[in-house]
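The chain contents come next:
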Amino acid sequence: MERIPVPLSNRPISFYSRTFVSKWTAIVVTMLGILSIGNYSERVRRYGARLRRRLLEHRTFAYLAVLGPGIIAANSGNDASGIATYSTVGAAFGYSMLWTLIPVGISLAIVQEMCVRMGIVTGQGLADLIREHFGVRLTAIVMLALLIANTGVVISEFVGIAQASELFGISRYISVPVVTALIWWLVVRGTQKGVERVFLLMSLVFLCYFVSAFLAEPDWGEVGRHFITPSFSTDTFYLFTMVALIGTTITPFMQVFVQSSVVEKGMDTDDLTIARIDVVGGTVFACLIAAFIVITASATLHVNGITEIDSAATAAEAFAPIAGAYAKYLFGIGLFGAAMLAMGVLPLATAYSISEALGFEKGISRSFREAPIFLGIFTALMVLGCVVALIPGIPQIKLLVLTQCINGLLLPFILVAIVNLSSNKEIMGEYANSRLFRWIAWMVTIIVSALSLLLLGNTIADIFGG
C-alpha cells in the first residue's frame, strides 16, 4: 500500500533522533580521539564528557517521546468497573486468582502489539481497516454496538468520579461538572502531544494502589505462591468472576484507541521496537496495578469475612475500619484518577472508531471546523455521561451488566478482525504475523472469545433466572 510522504515538519521523532544522534556521534568520536592523543587541558576533557551526556540525554528523550499509547490504553482498562472487579476477586477468593493475571497480561500484550504494528505499517486506524476489508454494512453494525457499549461504560466512569469525590466529602454536583469541563477543554483545546502527556501523568495515580497494598500488610509469601501456582474451582461464581476479570482487562475500546493513537502520532516502522516496549511496559504496569488491588482487597476484606462488593467506592469504604483511613483515601484517589483517565480515553476511542468507519476527519489536534463529527461525538458522550451521572440512584450495576453483554458479543469479532488483518501480507507486507505468532494469536483469540461468550451466557442466565 503506497503511503503519502510525511512532510518534514511532521516527521516522527525517530527521524530527528537518528539525524541528531548521527551528528553528535561523529562529534563525540572526534573529541574522544583528540583526548586520547595528547595531554589536553581539563576544560577540553570536561567538554567531551558534556557532549557524551548530551547524546545520552537526547536518546533518552527521543525514546520517551515515542512512548505513550500502549501505557495509556492498558491503564485505561483499569477503570472504575475494573477496580470493582479486581476488588471483588480479592474479597471473594483471596489471592487464589492472582495467577490468572499472567496469561491475561500476555494475551493483552499480544493483541495490542498487533494493533500498534498495524497502525504503524498502514497508517490507518482499526475501524478504517475493518471498513475496507470487511465491508461497510458489517462495519456499521460493529460500530453501532461499540457506540452503545462505550456509552454505557462512559456513564459508569462518570459515576465512578461521583463516588470517589463523595469519599472525600465533595458533592457529585460539583465534582462531575468540573471534571467534565476540564477533560473536555483538555481534548478539544489541546494538542495530541499535550493530551498524551496529561493522560500519562494521570496513569501515575495508580501508584496509590502500590502503597495501599503495603499498608494492608499482606502475607507476601502467600502472594508469591499464588502467583506461580494455578488453582481452579468448578464453583459457578468462581468461573464467572474469573471470566469477568479477563473481560475487564481486554476490551474492544482499548484496541481502537491504541491503534488510532500511533497513527495520529505519526510513527513509522523505525519506531516499531520502541512502540512494542511501550505496549509491553504498559501491560506489565496495568497488570501489576490489578494485582495490587486484588492483594489489598484480599489482605483487608477477605481475611475479615467481607466477600461481597458492589462498587469500587464500597471497597474503599470497607478498608477504613480495617486498614485505616489512609488506605481508604489512597484507594479513593486511585479510583478518581482511574475514572478520569477512562472518561477521557473512552469517548476518544469511540470518536476515533465512528469517524474512521464513516470516513470523517479525526484527530485531537484538529479544530471543530476541521473535524466536527469527531469532536462532536466526543463532546456528546461527555455531556451525556455528566448528565446521567448526576441522576440520583443511577443503576450502575445494571448498566455495567448491559454493556458487558454487548462487549461480550463484540470482542470476538474485533479479535478475529485484528488477527486476520495483521496476518494479511497484502496489508502488512514483511511486517505480517509470522506462522508461530499467528498460531499464538489465534489461540489467544479463541480462548478469550470463548470466555467472553461464556460470561455473556452466564449474565443472560442470571438475568432470566433472577
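Structure's up top.
As the structure is a prediction and not an experimental result, all values here were calculated from the model.

With that settled, consider the overall build of the protein. In terms of regular secondary structure, the protein is built from 20 helices and zero strands. Taking all 466 residues of the protein together, the buried fraction comes to 53%. Counting only carbon and sulfur atoms, one obtains 66% of the accessible surface of the protein, whose full area is about 20,700 Å².

All right, on to the side chain of Ser212 then. With respect to the helices, strands and loops of the structure, Ser212 is situated in helix H10 (residues 207-215). The exposure class assigned to Ser212 is buried, which follows from its relative accessible area of 1%. Once residues within four sequence positions are removed from consideration, Ser212 is found in contact with Thr296, Ala327, Leu330 and Phe331.

A few words now on the nonpolar core. With 126 residues, the main nonpolar core has Phe199, Tyr209 and Leu348 as its most contacted residues. The dominant element in this core, judged by the number of residues it contributes, is helix H16 (residues 325-358), at 15 residues. Residues within four places of Tyr209 in sequence aside, it is in contact with Ile83, Ile289, Phe292, Ile293, Thr296, Phe331, Gly334 and Leu335.

Let us now look at empty space enclosed by the protein. Enumeration over the complete set of coordinates arrives at two cavities of 30 Å³ or more. Volume-wise, the second largest cavity comes out at about 40 Å³. The greatest single-element share of the lining of the second largest cavity, amounting to three residues, is contributed by helix H14 (residues 272-300). Classifying every residue of the lining of the second largest cavity gives six nonpolar, two polar and no charged.

With 14 residues, helix H4 (residues 80-93) should cover 20 Å at 1.5 Å per step; its first-to-last C-alpha distance of 20 Å lies within 8% of that length. Along H4, 14 of the 14 residues are buried, which leaves the element largely enclosed by surrounding structure. Backbone geometry just after H4 places Gly94 at a positive phi near 65°.

Our focus in this paragraph is the pattern of salt bridges. In the structure shown here, the tally under the stated rule is six salt bridges. Here Glu222 ties to Arg225 by a salt bridge, and the two come within 2.9 Å at their closest N and O atoms. On the criterion of helical spacing, the pair formed by Glu222 and Arg225 is a turn pair, its members being three residues apart in helix H11 (residues 220-228). Given the relative accessible area of 27%, Glu222 is considered partly exposed. Its relative accessible area of 39% is what places Arg225 among the partly exposed residues. Ionic contacts of the salt-bridge type, sharing partners, join the residues Glu113, Arg117 and Arg276 into one network.

Okay, the packing of aromatic side chains next. Scanning all chains against the criterion turns up nine aromatic pairs. On the basis of an interplanar angle of 55° and a centroid distance of 5.1 Å, the ring pair of Tyr352 and Phe374 is categorised as tilted. Remark: Phe374 occurs in helix H17 (residues 372-389) and Tyr352 occurs in helix H16; sequence separation between them is 22 residues. For Tyr352, a relative accessible area of 2% puts it in the buried group. Residue Phe374 is classed as buried on the basis of its relative accessible area of 0%.

We now examine the packing of H4 against helix H12 (residues 236-249). Closest axis-to-axis distance for the H4/H12 pair is 10 Å, and the angle between their directions is 150°. Here H4 lies roughly antiparallel to H12, going by the angle between them. Seen along the crossing, H4 lies across H12 with a hand that is left-handed. Where H4 abuts H12, its residues Ser81, Gly82, Thr85, Tyr86, Thr88, Val89, Ala92 and Phe93 lie against Phe237, Tyr238, Thr241, Ala244, Leu245, Thr248 and Thr249. Residue classes in the contact of H4 with H12 are distributed as eight nonpolar, seven polar and no charged.

How each quantity is defined
Residues numbered from 1 in each chain as written. Predicted model: local features only at pLDDT ≥ 70, side-chain atom pairs only at ≥ 80, totals over all residues. Heavy atoms only, no water. Helix = DSSP H or I, 4+ residues; strand = E, 2+ residues; numbered from the N terminus. Buried < 20%, exposed > 50% of the residue type's maximum accessible area, 1.4 Å probe, protein only. Areas by Shrake-Rupley, 256 points an atom, 1.4 Å probe, with all protein chains shown as cover. Contact = heavy atoms within 4.5 Å. Core = buried A, V, L, I, M, F, W, Y, C linked by side-chain atoms within 4.5 Å. 1 Å grid on protein atoms, 1.4 Å probe; cavity = no way out; pocket = protein on both sides within 12 Å on 5 of 7 lines; lining within 4 Å. Points joined across faces, edges and corners; volume = space filled by probe spheres on them. Nonpolar A, V, L, I, M, F, W, Y, C, P; charged D, E, K, R; others polar. Expected span 1.5 Å × (residues − 1). Salt bridge = Lys/Arg side-chain N within 4 Å of Asp/Glu carboxyl O. Phe/Tyr/Trp six-rings, centres within 6.5 Å; stacked < 30°, edge-to-face > 60°. Axes fitted to C-alpha atoms, helices over the stretch in contact; angles between N-to-C directions. Parallel < 35°, antiparallel > 145°, perpendicular 65-115°, else oblique. Left-handed = near helix turned anticlockwise from the far one by under 90°.

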